[in-house]
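Below are the chains, spelled out letter by letter.
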Amino acid sequence: MEWLKHDERLYLQSVPMTECGGIVHGFTCKSGGVSTGKITGLNLGFRVEDDPASVLENYRLVAEDLGFPMESAVLARQTHTDNIRLVTKADAGKGLVRESDIFDTDGLMTEEKGIPLVVFTADCVPILLYDPRHPAVAAIHAGWRGTEQKIGGKAVRMMQERFGSKPEDILVAIGPSIGLCHFAFGEDAPEHFSMEFCKPNPAGGYWVDLWAMNKKQLLSQGILEEHIDIAEICTVCHEDVFYSYRTHREHTGRQAAIIILK
Ligand SMILES: [Zn+2]
């Protein structure tokens, strides 16, 4: 991945996706936004203690930096499900500039051009998918519950079914999120995750590797290993750069993972 900077605003972009062309994409960071008060910076989440006008202005800045039509962006009401919505032109603007009916949804996908798909996170795993051959994109929010429910793997299957995508053509980018170094889970980790992704924590319970778990799901659906680009940046280790719920609790805004078919 590589960094892109506009004023104080930083973005991470997957190099293979950028080189492939045909899309605009990026993972946002915390600095350079207009939010002030309990939550500062480039907060892109509306369901936190921030002024909606500030959040909207932050979206405007990001849209200008990356170059996409903000008024068409689609945001879901994320609730840690494995539900993925097929987004059409009729959905343009939902959740940002107009009322939305996209609830209980943690993934968005579309083959329409010019519709930015947005998922937001603060430690959870954001996954972007791009099929350049049958042009289509998806944005997935995979917290530990979504990862346990294999929402990433489901996204690949849905792209095959809905768009005729071939897994070997799909490029994937896994953005900054909580790493094995910080994701402490309780004694019940084995009830939720395969032990190959859990490491005993001397303090009790386990450390869990959500990146490896999502990667394995993608591989098992036929995504090529060389097409999976993992940022390997832990949002807790780098809580100065990213919003981290585990670190700052109610003072946490949301960063976004955004992808648009041009
Ligand atoms: Zn860490």
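Structure shown above.
Visitor: Looking at this structure, I do not really get the packing of aromatic side chains. What am I missing?
Guide: For any pair of aromatic rings, the description rests on two quantities: the centre-to-centre distance and the angle between the ring planes. Applying the stated criterion across every chain yields a total of five aromatic pairs. Arranged with centres 6.0 Å apart and planes meeting at 5°, the rings of Phe46 and Tyr59 form a pair that is stacked. Pair noted here: Phe46 is in the loop between β3 (23-28) and α2 (52-66) and Tyr59 is in helix α2, with a separation of 13 residues, a long-range link. Note on Phe46: relative accessible area 30%, which makes it partly exposed. Ring geometry for Phe185 and Phe193: centres 5.0 Å apart, planes at 85°, overall edge-to-face. For Phe185, a relative accessible area of 11% corresponds to the buried category. Looking at Phe193, the relative accessible area reads 4%, which means it is buried.

Visitor: Before we go on, may I ask you to explain the coordination of the zinc ion in this structure?
Guide: Where a metal carries four tetrahedral donors, each ideal angle is 109.5 degrees; where it carries six octahedral donors, the ideal angles are 90 or 180 degrees. Around the zinc ion, the protein contributes the donor atoms Cys181 (SG), His182 (ND1), Cys234 (SG) and Cys237 (SG), which lie 2.1 to 2.3 Å from the metal centre. Going along the chain, you hit the donors of the zinc ion in the pattern C-H-x51-C-x2-C. With a relative accessible area of 41%, Cys181 lands in the partly exposed category. Taking the relative accessible area as the measure of exposure, His182 reaches 32% and is therefore partly exposed.

Visitor: Help me out: how do you make sense of the sheet that holds strand β6 (residues 107-110) in this one?
Guide: To summarise the sheet geometry, strands pair through backbone hydrogen bonds and adopt either a parallel or an antiparallel arrangement. Spatially, β5-β6-β9-β8-β10-β14 is the arrangement adopted by the six strands of the open sheet, whose pairing is mixed. Here the strands that pair on one side only, and so sit at the sheet edges, are β5 (84-86) and β14 (228-230). Each neighbouring strand pair of the sheet contributes to a mean axis angle of 15°, computed without reference to strand direction. Along the sheet, helix α4 (residues 151-163) makes contact with β5, β6, β8 (125-131) and β9 (136-142), crossing β9 at roughly 160°.

Visitor: I'm lost on the environment of Leu219 in this one. Help?
Guide: One can find Leu219 in helix α6 (residues 210-220). By relative accessible area, which is 33% here, Leu219 ends up partly exposed. Along the primary structure Leu219 and Glu168 are separated by 51 residues, whereas in three dimensions their C-alpha atoms are 9.8 Å apart. Every residue in contact with Leu219, bar those within four places of it in the chain, is listed here: Leu224, Glu225 and Ile228.

Rules used in this analysis
- Residues numbered from 1 in each chain as written.
- Predicted model: local features only at pLDDT ≥ 70, side-chain atom pairs only at ≥ 80, totals over all residues.
- Heavy atoms only, no water.
- Phe/Tyr/Trp six-rings, centres within 6.5 Å; stacked < 30°, edge-to-face > 60°.
- Helix = DSSP H or I, 4+ residues; strand = E, 2+ residues; numbered from the N terminus.
- Buried < 20%, exposed > 50% of the residue type's maximum accessible area, 1.4 Å probe, protein only.
- Donors = N, O, S within 2.8 Å, 3.2 Å for Na, K, Ca; no water.
- Pairing = 2+ DSSP bridges.
- Axes fitted to C-alpha atoms, helices over the stretch in contact; angles between N-to-C directions.
- Contact = heavy atoms within 4.5 Å.

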